[in-house]
Amino acid sequence: MTVSGIISAIVIGLILGLLGRLVAPGKQSIPIWLTIVVGIVAAFIGTWIARGIGYADTNGIDWLEILTQVVIAAIGVSLVAGLYGRRSVNR
């Protein structure tokens, strides 16, 4: 991954974290910074999956790659919200 690819993954990750939070079912009681971190991680994982399967390099906008990233962000936000909620209760 090139430097421009890493920078774009971070920027897309910011947006993906918010989209993942909107798509994830239920209420997520996690801070916004944690949502953004989950989105950035989802951007990297989604790109890795898309490249592995072979649909990351298309002409125009890679809608399947973005969809993969949003789904991973939603799953990540749900998992982190569950873990974060348990951590808060156990204190």
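A brief structural summary. (Residues numbered from 1 in each chain as written. Predicted model: local features only at pLDDT ≥ 70, side-chain atom pairs only at ≥ 80, totals over all residues. Heavy atoms only, no water.)

Digging into the overall build of the protein chain
Moving on, step 1. Helix and strand counts for the protein chain come out as 3 helices and 0 strands.
Moving on, step 2. Reading the protein chain from its N terminus to its C terminus gives the helix and strand order α-α-α.
Moving on, step 3. The buried share of the protein chain, taken over its 91 residues, is 35%.
Moving on, step 4. Summarising the internal contacts of the protein chain: among those between residues at least 6 apart in sequence, 65% fall at separations of at least 24.
Moving on, step 5. Surface summary for the protein chain: the accessible area is close to 5,900 Å², and the carbon and sulfur share equals 72%. (Helix = DSSP H or I, 4+ residues; strand = E, 2+ residues; numbered from the N terminus. Buried < 20%, exposed > 50% of the residue type's maximum accessible area, 1.4 Å probe, protein only. Contact = heavy atoms within 4.5 Å. Areas by Shrake-Rupley, 256 points an atom, 1.4 Å probe, with all protein chains shown as cover.)

Focus on the nonpolar core
When a protein is soluble and globular, its nonpolar side chains tend to lie buried together.
Moving on, step 1. Residues Ala24, Ile30, Leu34, Val38, Ala74, Val77 and Ala81 constitute the largest nonpolar core, which totals 7 residues.
Moving on, step 2. Those elements that place two or more of their residues in this core are helix H2 (32–53) and helix H3 (63–89).
Moving on, step 3. Sorting elements by how many residues they give to this core places H3 first, with 3 residues.
Moving on, step 4. The contact partners of Ala74, leaving out residues within four places of it in the chain, are Gly20, Val23 and Ala24. (Core = buried A, V, L, I, M, F, W, Y, C linked by side-chain atoms within 4.5 Å.)

Brief notes about the environment of Ala24
Moving on, step 1. On the secondary structure map, Ala24 appears in the loop between helix H1 (3–23) and H2.
Moving on, step 2. Ala24 sits in the buried class, given a relative accessible area of 6%.
Moving on, step 3. Separated by 54 residues in the primary sequence, Ala24 and Ser78 place their C-alpha atoms 6.1 Å from one another.

What about the environment of Leu14?
Moving on, step 1. With respect to the secondary-structure elements, Leu14 resides in helix H1.
Moving on, step 2. Using a relative accessible area of 36% as the deciding quantity, one classes Leu14 as partly exposed.
Moving on, step 3. On a C-alpha basis, the gap between Leu14 and Gly39 in space is 5.8 Å, while along the polypeptide they are 25 residues apart.
Moving on, step 4. With sequence-adjacent residues up to four places away left out, Leu14 is seen in contact with Ile36 and Ile40.

Limitation: the analysis is restricted to geometry and does not speak to function.
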